[in-house]
Amino acid sequence: MAAISSTTTPRTFHDANAHKYDRMASGCTASIAEQFLKNLPVPITEESIVLDNACGTGLVSQFLKDACPSVHITGADLASGMIEAYEGRAKRNSWTRTSTSQLDCRDLHTLEDNTFTHVITNFGFAPDASDPGGPSKAAREMYRVLKPGGLCIVTTWAERNFDPAIINTSLTIRPDKPHGYWESIPNYHKGHFLLRELEDAGFGYNCSISAVKGGLSAISFDQLVDNMLEFKDMFWKDYSEDEWGRVRGVLGTELRKLEAFKEKGDGSVGVEMIAWVGMGWKV
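Starting from 1, residues in each chain are numbered consecutively following that chain's sequence as written. Local features in a predicted model are, by the rule used here, given only for residues with pLDDT of at least 70; side-chain atom pairs are given and counted only at 80 or more, and totals for whole chains, interfaces and linings are based on all residues. For side-chain calculations, the full set of non-hydrogen atoms in the structure is used, while hydrogens and water are omitted.

Caption draft 1: Examining the overall build of the chain more closely. Counting its secondary structure elements, the chain contains eleven helices and eight strands. Throughout, radius of gyration means the C-alpha value; the globule benchmark is 2.2 Å times the number of residues raised to the power 0.38. Taken against the 2.2 N^0.38 rule, which gives 19 Å for 283 residues, the C-alpha radius of gyration of the chain at 19 Å falls within 12% of a compact globule. Based on the C-alpha atoms only, the size of the chain along its principal axes is roughly 55 × 35 × 35 Å. Burial classification: accessible surface area is computed with a 1.4 Å probe over protein chains only, and a residue below 20% of its type maximum counts as buried, one above 50% as exposed, and the rest as partly exposed. In the chain, buried positions account for 52% of the 283 residues. The contact criterion used throughout is that any non-hydrogen atoms of two residues lie within 4.5 Å. For the chain, the proportion of contacts with a sequence separation of at least 24, taken over those separated by at least 6, is 77%. For the accessible areas, the method is Shrake-Rupley and the probe is 1.4 Å, while residue cover comes only from the protein chains on display. Total accessible area on the chain is roughly 13000 Å²; 50% of this is exposed by carbon and sulfur atoms. Only four residue types enter the charge count, namely Lys and Arg as positive and Asp and Glu as negative; His and the chain termini do not. We put the charge of a Lys on NZ, of an Arg on CZ, of an Asp on CG and of a Glu on CD. Considering the chain, the positive charge centre built from 29 side chains and the negative charge centre built from 37 side chains are found 1 Å apart. Here a helix means four or more residues in a row that DSSP labels H or I, a strand means two or more in a row labelled E, and each is numbered from the N terminus.

Caption draft 2: Summary view of the packing of aromatic side chains. Any two of the Phe, Tyr and Trp rings considered here, Trp counted by its six-membered ring, make a pair once their centres fall within 6.5 Å; the pair's planes then place it as stacked at under 30 degrees, edge-to-face at over 60, or tilted in between. On inspection of all chains with the given rule, the structure shows eight aromatic pairs. When the ring of F235 is compared with that of W236, the centres are 5.6 Å apart and the planes differ by 70°; the resulting orientation is edge-to-face. Its relative accessible area of 0% is what places W236 among the buried residues. Grouping aromatic residues by their ring pairs yields a cluster made of F231, F235, W236 and W244. By definition here, charges over rings are those cases where NZ of Lys or CZ of Arg is within 6 Å of the ring centre and within 35 degrees of the ring normal. Taking NZ or CZ as reference, R256 lies 3.9 Å from the ring centre of F221, over its face. Seen from the ring of Y143, K282 lies directly overhead, with NZ or CZ sitting 4.7 Å from the centre.

Caption draft 3: A look at unusual backbone geometry. With a phi close to 55°, N114 is a non-glycine residue in the positive phi region. With respect to the helices and strands, the residue N114 is situated in the loop between β3 (98-102) and β4 (116-122). In this structure, A126 takes a positive phi of about 45° despite not being glycine.

Caption draft 4: Summary view of the packing of helix α9 (residues 221-229) against helix α11 (residues 241-257). To get an axis, a line is fitted to the C-alpha atoms, and for a helix only the part in contact is used. The angle between two axes follows their N-to-C directions and goes from 0 to 180 degrees. In contact at an axis separation of 10 Å, α9 and α11 are set at 125° when each is read in the N-to-C sense. Considering their axes alone, α9 and α11 lie oblique with respect to each other. Relative to α11, the crossing made by α9 is right-handed. Packed against α9, whose contacting residues are F221, D222, L224, V225, D226, M228 and L229, the element α11 presents W244, V247, R248, L251, G252, L255 and R256 at the interface. Should an angle fall under 35 degrees it is called roughly parallel, over 145 degrees roughly antiparallel, and 65 to 115 degrees roughly perpendicular, with every other angle called oblique. Handedness of a crossing follows from how the near helix is turned relative to the far one, being left-handed for an anticlockwise turn of less than a right angle and right-handed for a clockwise one.

Caption draft 5: Summary view of the packing of helix α3 (residues 28-36) against helix α4 (residues 59-67). Closest axis-to-axis distance for the α3/α4 pair is 9 Å, and the angle between their directions is 35°. In the crossing of α3 with α4, the sense of the turn from one axis to the other is right-handed. Mapping the contact onto sequence places T29, A30, A33 and E34 in α3 and L59, V60 and F63 in α4. Along the lines of polarity and charge, the residues of the contact of α3 with α4 split into five nonpolar, one polar and one charged. Ten residue types, Ala, Val, Leu, Ile, Met, Phe, Trp, Tyr, Cys and Pro, are classed as nonpolar, four, Asp, Glu, Lys and Arg, as charged, and the remainder, Gly among them, as polar.

Caption draft 6: Fine view of the pattern of salt bridges. Within this document, salt bridges are pairs made up of a side-chain nitrogen of Lys or Arg and a carboxyl oxygen of Asp or Glu, the two lying within 4 Å of each other. This structure, assessed with the given rule, holds 16 salt bridges. The residue D131 makes a salt bridge to R106 at a minimum N-O spacing of 2.9 Å. Of the two residues, D131 is situated in the loop between β4 and α6 (134-145) and R106 in the loop between β3 and β4; the sequence distance between them amounts to 25 residues. The same class applies to D131 as to R106, namely buried. Between R248 and D226 there is a salt bridge; the shortest N-O distance is 2.4 Å. Pair noted here: R248 is in helix α11 and D226 is in helix α9, with a separation of 22 residues, a long-range link. Via salt bridges that share partners, D104, R106, D131 and K137 belong to a single interconnected network.

Caption draft 7: Molecular detail of helix α5 (residues 80-92). In a helix, the anticipated span is given by 1.5 Å times the number of residues less one. If you check α5, its first and last C-alpha atoms are 18 Å apart, about what 13 residues at 1.5 Å a residue would give, namely 18 Å. In this structure, the buried residues of α5 make contact with α1 (13-16), α2 (21-25), β1 (49-53), α4, β2 (72-77) and β3. S94 occupies a position one or two residues after α5 and carries a positive phi of about 55°.

Caption draft 8: Looking closely at the nonpolar core. Here, nonpolar core refers to any group of buried Ala, Val, Leu, Ile, Met, Phe, Trp, Tyr and Cys residues whose side-chain atoms link them within 4.5 Å. Within the largest apolar cluster, 60 residues are counted, with the highest numbers of intra-cluster contacts made by F36, L64, I120, F162, L224, L251 and L255. Residues within four places of F162 in sequence aside, it is in contact with Y181, W182, L216, M228, L258, V271 and M273. Core analysis: the next-biggest nonpolar cluster, separate from the first, contains 25 residues, V145, C152, A201 and F203 among them.

Caption draft 9: Broad picture of α6. When the terminal C-alpha atoms of α6 are compared, their 17 Å separation across twelve residues agrees well with the 16 Å that a helix rising 1.5 Å per residue should span. Taken residue by residue, α6 has G134, P135, A138, A139, E141, M142 and V145 as its buried positions. Mapping the buried residues of α6 onto a view down its axis gives an arc of 160°, with all of them on the same face. Contacts from the buried residues of α6 go to β1, β4, β5 (146-159) and α8 (191-203). Here the arc refers to the directions that run from the helix axis out to each C-beta atom.

Any functional reading would require information beyond the geometric quantities listed.
What follows is the structure, encoded as structure tokens:
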């Protein structure tokens, strides 16, 4: 889930928050990866060579290693904090045949052409609004480093569904001030956008797209709110002490208003989300 960040800033949000990013994500990116990895049209075996692109803390690699411990994986991410978190996960789990590279997914310059049997980019498809051409660059790089016969998998969010809770919380507390939120590349959330990027990168007609349901999840409502409050530096960074003190209550109210909010009998909660899963085969 690690997004593109600028190398001109001392520490990006994803870099600074890598140590708690899995908690912040509340399982949403993992919920999608777990599904598309189960039935890949090109199976991952011990002979596979995988690029976990924009790898974040290594959630995708964790699924792969659990299923096939001897698979060779390179984890690449622009944020040094994410690379550190990935390496920590690899060490704790005694992974072998694993390496890392600090790389921007738009420029995988240290990786050679036709290297990987699988390139997986789970919610790191160059979503930087300041670089509208970023997804095209990233898709071309994925195609370049993929071996003939290899499989590329890319995911993007179609419907995050929790956006109104964040926006309305900000507007409730600061009705007369602009609210901070993610800027988006036009049509980035559309399926045809992802499909076109894969087609134009070189996959042509050898690509497909499907919608997959997943979402945020937590064992309790309080935990879900706590997880989302970890985004303070992204959405409520300059709030006064009084304003910040109101965020928890307002955010909780707004979350319960969401049509996608679900609460189960055991007290666990979630927000349903929908992702696009794009796949391309290099011939």
